[in-house]
Amino acid sequence: QVQLVESGGGLVQAGGSLRFSCAASGRTFSSYAMGWFRQAPGKEREFVAAISWSGGNTVYADSVKGRFTISRDNAKNTVYLQMNSLKPEDTAIYYCAAKSGAPLTIATLYDYWGQGTQVTVSS
């Protein structure tokens, strides 16, 4: 069992930056691939970024490539999402998620989810 707690959300102006953290409980964090997803009002949950258990493999949605960076520190049981050059369309609730195996882009393949953290980007 893995429990995930996100932090770092808030209100930011367009062009600004935020950094999310997702702290995981459990001794097997380093064996899980981690992902970030987001859900805007009235829209389906969408993939943002994912990282392999070792951190050696990362995947990004085209909409955030070059602006967002996912990373992890297995010693701290934490995964991060650095978000730069934020746009109003990045406004959403952001969720971190964990799964065994490869870092994939499909939300239904993830086994554990955090409670989500809100980001609002003003224009």
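The preceding data block contains the structure.
Here, residues in each chain are numbered from 1, in the same order as that chain's written sequence. Confidence filtering applies because this is a predicted model: local features only for residues at pLDDT of at least 70, side-chain atom pairs given and counted only at 80 or more, and all residues used for totals across whole chains, interfaces and linings. As a rule here, side-chain values cover all heavy atoms of the structure and leave hydrogens and water aside.

Even without glycine at this site, Asn-77 takes up a positive phi of about 50°. Mapped onto the fold, Asn-77 is located in the loop between strand 7 (68-73) and strand 8 (78-83). Look at Ser-85: it is not a glycine, yet its phi comes out positive at around 50°. A run of H or I in DSSP counts as a helix once it spans at least four residues, and a run of E counts as a strand once it spans at least two, with each numbered from the N terminus.

A separate point is the sheet that holds strand 8. Only strands that DSSP links by at least two bridges are regarded as paired with each other. One open sheet accounts for 4 strands, arranged 1-3-8-7; its pairing is antiparallel. At either margin of the open sheet sits one strand with a lone partner, and together these are strand 1 (4-7) and strand 7. Pairwise comparison of adjacent strand axes, ignoring direction, gives a mean angle of 15° for this sheet. When strand 7 meets strand 8, the two strands line up antiparallel, connected through 6 bridges. Its bridge partner being in strand 8, Asp-73 is matched across the sheet by Thr-78. Lines fitted to C-alpha atoms define the axes here, with helix axes fitted over just the stretch in contact, and angles between the N-to-C directions of these axes take values from 0 to 180 degrees.

Structurally, Asn-84 can be placed in the loop between strand 8 and strand 9 (92-100). The class of Asn-84 is partly exposed, set by a relative accessible area of 29%. Sequence separation between Asn-84 and Phe-68 is 16 residues, and the spatial gap between their C-alpha atoms is 6.0 Å. The contact rule is simple, with two residues in contact once any of their heavy atoms fall within 4.5 Å. If sequence neighbours within four positions are ignored, Asn-84 has contacts with Gly-16, Ser-17, Arg-67 and Phe-68. Side-chain atoms alone can form a polar contact between residues adjacent in sequence; in general such a contact is a pair of N or O atoms within 3.5 Å, and within protein one must be able to donate a hydrogen while the other accepts it. Within the local environment of Asn-84, its side chain forms a polar contact with the side chain of Gln-82, the two groups lying 2.9 Å apart. Exposure classes here rest on a 1.4 Å probe applied to the protein chains alone. A residue is buried below 20% of its type maximum, exposed above 50%, and partly exposed in between.

Only the six-membered ring of Trp is used, alongside the rings of Phe and Tyr, when aromatic pairs are assigned; centres must lie within 6.5 Å, and planes under 30 degrees apart are stacked while those over 60 apart are edge-to-face, with the rest tilted. For the structure on display, the rule yields 8 aromatic pairs. On the basis of an interplanar angle of 25° and a centroid distance of 5.4 Å, the ring pair of Phe-20 and Trp-36 is categorised as stacked. Highlighted residues: Phe-20 in strand 3 (residues 18-24) and Trp-36 in strand 4 (residues 32-39), separated in sequence by 16 residues. The class for Phe-20 is buried, based on a relative accessible area of 0%. In this structure Trp-36 comes out as buried when scored by relative accessible area, which is 0%. With a centroid separation of 5.7 Å and 70° between ring planes, the pair formed by Phe-37 and Phe-47 is classed as edge-to-face. With Phe-37 in strand 4 and Phe-47 in strand 5 (residues 46-51), this residue pair connects regions lying 10 residues apart in the sequence. In this structure, Phe-37 and Phe-47 share a single accessibility class: buried. In this scheme, Lys NZ or Arg CZ marks a charge over a ring once it lies within 6 Å of the ring centre and within 35 degrees of the ring normal. Positioned over the ring face of Phe-29 is Arg-72, at 4.5 Å from the centre of the ring.

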